[in-house]
Structures are given as C-alpha cells and as structure tokens.
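Architecture and fold: a report
Residues per chain, in single letters:
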Amino acid sequence: STYGDRLHPQDDFRARLADVVQSTAERGGTVVIPSFAVGRTQELLYLFRELLEQGKMNSLPIHVDSPMGIDVTDIYMRHKEEHDLETQAVTSRGDKPFSPPEVHFDRSRAQSIALNQARFPMIIISASGMATGGRVVHHLERCLPDHRNTVLFVGFQGAGTRGQAILSGAESVKMHGREVRIRAHIERMENLSAHADYGEILGWLGQFKKPPGKTFLVHGEPKAAEALKSKVTHKLGWNVSVPQYLERVAL
C-alpha cells in the first residue's frame, strides 16, 4: 500500500530526467541521486545510456558510488538470459545496457572521497535510497548547501528518514553530528518507483476470479494504507484489514 493514496505521474519522465541534469550542469552543479542499490541504480544507468544515445542529454561523468550497486550491476550484466526483450536487443547489437558513456564505478573508499574534491558538473548515484546512511550522506553533506547542485529523489521516502525531511522543505538536516543547510534544488521523480500505485493495484486485484477470505494491506504509511483499504472495500467489496503492530492473526 506504499502508493495506496496516489497515482504515479504520467509525464515524460525521460525528458524530465534529462532536463534536471542539463539545468544543473548549466549552473555548474552536481546531481546527487540517492538510489537503492538493487534495481533502481541499474534502471538509472539504463535510462542515462538511452538519453545519451538518442542525443537528448549532453554527456557528463556518471559516478556509481555504491559497492553493492556495483556488484548488482555486474550480476545484471552477467545474466543476460534474465534480460527482457528490449535489453536483449541492446546487448545483441554489441552495446552494454548498463554502461552509459563516461560511467565510473567507484568501489573503493579513496575513489568515493575523491569525488568530494571535484568541482565540475557530474552525476553521482549513491546509496542509501532514503539517505539514512551509506556513502550518499557524505555527498549530500557537501552538495546540499550549494544552490548550483540538485538532489534528485527517485524512490519512496519513508516517514522519519533523512530523505523525507529534505523533501518536506526543511531548511537544514542533521548529518554527522551537525546541521547542514539546504540550498540545493530538490527534485522528485515517482515514475521510477517499483511499487504500483492504487490504480495498478486495483487493476490487478480486479482480475481475481474470486476474492480472498481476507486481504491484508502492508508496506505503507497509515494514510496510504487506509486510503487503499477504502478503495478496495468500496470498488471490489473485499474484506480488507490494515494490520496493527504485533497483531496476531489465525489463518
């Protein structure tokens, strides 16, 4: 029920992604993307390669600063039998679907630290996705106070996370024991979320030949879960529950 109370935007997210990068580069800034290491990082690399190949974005250094994200990208590259038809077509013509031009995989700590010394436009993709820890915190600490930079959130930001605080319009956020001012541009793209919105969920549930005895809504904030409960109850007539913490259910 993560997106139980909303629909994903239907805008051209590829064009918007390119625009965010281009406008930041024109200001002389860096785009920092807090990203989940599994799935989201690889999707971003695929999109950047597409945009560059199609001439919709100027080439910039792209740094993947996440050891787990790099390991997972290697797995994606090795197991071509798991690729969808579109990705197989890219591979069959000799291209690497997750290796856009000027991509750098910064595995070592020294490589990560060196990025903080750079003073030219670039893209940094780094974990964790909600900015609760990991290497991305160091990049945010450096980039948030500078109005030339952009922080782009491409995944759900849970309540109480540093990412949610930044998105909510906070003037500062605490990092490594000190308050860091937020002057950078803050952008959000929900189109890349791996979670279905309520329209997609209702479409899936509507295909069931008969309803389950009971349906439990999980993985969402209370407001989103209650909104989805209402929609499923009224549109499908199902018996729906939002479980409470430590609630026990006999099946």
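The structure under discussion appears in the preceding block.
Not measured: the values here are computed from a predicted model. (Residues numbered from 1 in each chain as written. Predicted model: local features only at pLDDT ≥ 70, side-chain atom pairs only at ≥ 80, totals over all residues. Heavy atoms only, no water.)

1. Here we look at the nonpolar core
Counting 28 residues, the largest nonpolar core has Ile33, Phe48, Met57, Ile62, Ile123 and Ile125 as its most contacted members. Mapped onto this core, the elements with two or more residues apiece are helix H1 (13-26), strand E1 (30-34), helix H2 (40-53), strand E2 (62-65), helix H3 (67-78) and strand E4 (122-126). Ranked by the residues each element gives to this core, the list is headed by H2, at seven residues. Not counting residues within four places of it along the chain, the set of residues in contact with Ile123 comprises Val21, Val31, Ile33, Phe48, Met57, Leu60, Pro61, Ile62 and His63. One finds Val32, Ala131, Val136 and Leu144 within the second-largest nonpolar core, a separate group that totals 15 residues. (Core = buried A, V, L, I, M, F, W, Y, C linked by side-chain atoms within 4.5 Å. Buried < 20%, exposed > 50% of the residue type's maximum accessible area, 1.4 Å probe, protein only. Helix = DSSP H or I, 4+ residues; strand = E, 2+ residues; numbered from the N terminus. Contact = heavy atoms within 4.5 Å.)

2. Some points on the environment of Gly28
Within the secondary structure layout, Gly28 lies in the loop between H1 and E1. The exposure class of Gly28 is partly exposed, given its relative accessible area of 28%. Sequence-wise, Gly28 and His147 are 119 residues apart; in three dimensions their C-alpha atoms are separated by 10.0 Å. For Gly28, the residues in contact, after removing those within four places along its chain, are Pro121 and Arg148.

3. Concerning the packing of aromatic side chains
In the structure shown here, the tally under the stated rule is five aromatic pairs. Residues Trp204 and Phe208 carry aromatic rings whose centres are separated by 5.3 Å and whose planes lie at 90° to one another, so their mutual orientation is edge-to-face. A relative accessible area of 34% places Phe208 in the partly exposed class. Look at Phe208 and Trp238: their rings are 5.4 Å apart centre to centre, the planes differ by 55°, and that puts the pair in the tilted class. Pair noted here: Phe208 is in the loop between helix H8 (198-205) and strand E9 (215-216) and Trp238 is in the loop between helix H9 (222-236) and strand E10 (240-241), with a separation of 30 residues, a long-range link. (Phe/Tyr/Trp six-rings, centres within 6.5 Å; stacked < 30°, edge-to-face > 60°.)

4. A look at the pairing of strand E6 (residues 172-175)
The two faces of E6 differ: Val173 and Met175 on one face are buried, but Ser172 and Lys174 on the other face are not. As judged from the four bridges shared by E6 and strand E7 (residues 178-181), these two strands associate in the antiparallel manner. Bridging across to E7, Ser172 finds its partner in Arg181. (Pairing = 2+ DSSP bridges.)

5. Remarks on H8
Every buried residue belonging to H8 is among Ile201, Leu202 and Leu205, and all of these are buried. An end-on view of H8 places all buried positions within 95° of arc, on one side of the element. In this structure, the buried residues of H8 make contact with H9. The backbone nitrogen of Gly199 lies 3.2 Å from a side-chain oxygen of the residue at the head of H8, namely Asp197. (Arc of directions from axis to C-beta. Polar contact = N/O pair within 3.5 Å; in protein donor to acceptor, adjacent residues only side chain to side chain.)

6. Re the sheet that holds strand E3 (residues 103-105)
Here six strands make up an open sheet; going across it, the order is E3-E2-E4-E1-E5-E8 and the pairing parallel. In this open sheet, the two edge strands, each paired with only one partner strand, are E3 and strand E8 (185-188). The mean inter-strand angle of the sheet, taken between neighbouring strand axes irrespective of direction, is 20°. (Axes fitted to C-alpha atoms, helices over the stretch in contact; angles between N-to-C directions.)

7. Focus on the packing of H1 against H2
Their axes nearest at 11 Å, the elements H1 and H2 cross at an angle of 85°. By the angle class used here, H1 and H2 are roughly perpendicular. Within the contact between the two elements, H1 uses Phe13, Arg14, Leu17, Ala18 and Val21 and H2 uses Leu47, Phe48, Glu50 and Leu51. Here the contact of H1 with H2 is built from residues that sort into seven nonpolar, no polar and two charged. (Parallel < 35°, antiparallel > 145°, perpendicular 65-115°, else oblique. Nonpolar A, V, L, I, M, F, W, Y, C, P; charged D, E, K, R; others polar.)

8. Examining the layout of surface pockets
A volume near 360 Å³ is recorded for the largest pocket. Contributing to the lining of the largest pocket are 17 residues, with Tyr46, Tyr76, Asp84, Thr87 and Phe98 lying nearest its centre. Sorting the residues of the lining of the largest pocket by element identifies H1, H2, H3 and helix H4 (85-92) as the ones contributing at least two each. Along the lines of polarity and charge, the residues of the lining of the largest pocket split into six nonpolar, five polar and six charged. Here the second largest pocket is characterised by a volume of approximately 190 Å³. Lining the second largest pocket are 13 residues, and of these Arg6, Phe156, Gln157, Gln164 and Glu221 sit closest to its centre. Those elements giving two or more residues to the lining of the second largest pocket turn out to be helix H7 (162-167) and H9. (1 Å grid on protein atoms, 1.4 Å probe; cavity = no way out; pocket = protein on both sides within 12 Å on 5 of 7 lines; lining within 4 Å. Points joined across faces, edges and corners; volume = space filled by probe spheres on them.)

9. Concerning the side chain of Gln22
Position of Gln22 relative to the elements: it lies in helix H1. On the basis of relative accessible area, Gln22 is assigned to the buried category, the value being 18%. For Gln22, the residues in contact, after removing those within four places along its chain, are Met57 and Asn58.

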